[in-house]
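Fold and contact review
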Amino acid sequence: MALPIVLYGDPVLRVKCRRVEKITKELDELADEMIETMIDAQGVGLAAPQIGVPIQMAVVDVAHDPECITYLRIDGEDADLEDCMPLVFVNPELTLHKEKEPCEEGCLSIPDFRAEVTRPIEITARLEMLDGSFITVETDGLLARAIQHEVDHLNGILFVDRLGTTGKMRAKREIKKLAKTW
């Protein structure tokens, strides 16, 4: 069942989410609902606080665009994007590489608004899976960006917080106008 997505301005989006201490059947069910919600909203990622649940859990799926990354390694081995999507994880730890690039981003919690955000091109992420195992993901492109975006949500950070001063002022004005239509 697709769940309602929390919109910009809701305090849960600014919460530093608590770690997941125990994997449960309910967490598996929540993951399925989050995937359905993300797909229904035509997104590439969704974090638990975006559905009002302040825990460190997110889902990402960029399989619709396999050309969006140049490499993907899981635990040091080359991996096929389609084989690991959707990616569901809890308690992520990111290592951000130094080289950055700007790219347009949007957010399911801020409908109809997009802005250019500069982020690291490549990441290494240690992710806990819902079976209790851990994987290390090394990647670039849209998958790296989506993971960074969702991990930001788990820390109470929105993509508009990553904009420069002028971008933040423009975003605030535009989002205020858009919010009247939500």
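Residues numbered from 1 in each chain as written. Predicted model: local features only at pLDDT ≥ 70, side-chain atom pairs only at ≥ 80, totals over all residues. Heavy atoms only, no water.

Strand order in the open sheet formed by 7 strands is 1-2-5-8-9-3-4, with antiparallel pairing between adjacent strands. At either margin of the open sheet sits one strand with a lone partner, and together these are strand 1 (45-47) and strand 4 (77-78). Each of strand 1, strand 2 (57-60) and strand 5 (87-96) is contacted by helix 1 (residues 25-40), which is oriented at about 40 degrees to strand 2, the strand it contacts most. Where helix 2 (residues 141-154) meets the sheet, its contacts fall on strand 1, strand 2, strand 3 (72-74), strand 5, strand 8 (122-128) and strand 9 (134-140), and the angle it forms with strand 5 comes to roughly 95 degrees. (Pairing = 2+ DSSP bridges. Helix = DSSP H or I, 4+ residues; strand = E, 2+ residues; numbered from the N terminus. Contact = heavy atoms within 4.5 Å. Axes fitted to C-alpha atoms, helices over the stretch in contact; angles between N-to-C directions.)

Right, let's get into the pairing of strand 5. Here 4 bridges tie strand 2 to strand 5, and the two strands are oriented antiparallel to one another. Of the residues in strand 5, the one forming a bridge with Val 59 is Val 88. Of the pairings in the sheet, the one linking strand 5 to strand 8 comprises 5 bridges and is antiparallel in character. Residue pairing for strand 8: Val 90 is matched across the bridge by Glu 128.

Bringing the nonpolar core into the picture now. Residues Val 62, Leu 72, Leu 87, Phe 89, Leu 127 and Leu 143 are the most contacted members of the largest nonpolar core, which totals 26 residues. Secondary-structure elements contributing two or more residues to this core are strand 2, strand 3, strand 5, strand 8, strand 9 and helix 2. The leading source of residues in this core is helix 2, at 6 residues. When residues no more than four places from it in sequence are discounted, the contact partners of Leu 127 are Leu 87, Phe 89, Val 90, Pro 92, Ser 133, Phe 134, Ile 135 and Val 137. Judged by nonpolar contacts, the second largest core, of 18 residues, contains Leu 27, Leu 46, Met 57 and Val 90. (Core = buried A, V, L, I, M, F, W, Y, C linked by side-chain atoms within 4.5 Å. Buried < 20%, exposed > 50% of the residue type's maximum accessible area, 1.4 Å probe, protein only.)

What follows concerns the environment of Lys 177. Mapped onto the fold, Lys 177 is located in helix 3 (residues 165-179). Residue Lys 177 is classed as exposed on the basis of its relative accessible area of 62%. Residues Lys 177 and Arg 19, 158 residues apart in the sequence, show an inter-C-alpha distance of 35 Å.

This part is about the packing of aromatic side chains. Applying the stated criterion across every chain, the model contains 1 aromatic pair. Considering the side-chain rings of Phe 113 and Phe 159, the 6.1 Å spacing of their centres and the 35 degrees angle between planes classify their relative orientation as tilted. With Phe 113 in strand 7 (residues 110-120) and Phe 159 in the loop between helix 2 and helix 3, this pair connects stretches of sequence that are 46 residues apart. For the pair Phe 113 and Phe 159, one class covers both residues: buried. If you follow Arg 126 out to its NZ or CZ, it ends over the ring of Phe 134, 4.0 Å from the centre. (Phe/Tyr/Trp six-rings, centres within 6.5 Å; stacked < 30°, edge-to-face > 60°. Lys NZ or Arg CZ within 6 Å of the ring centre and 35° of its normal.)

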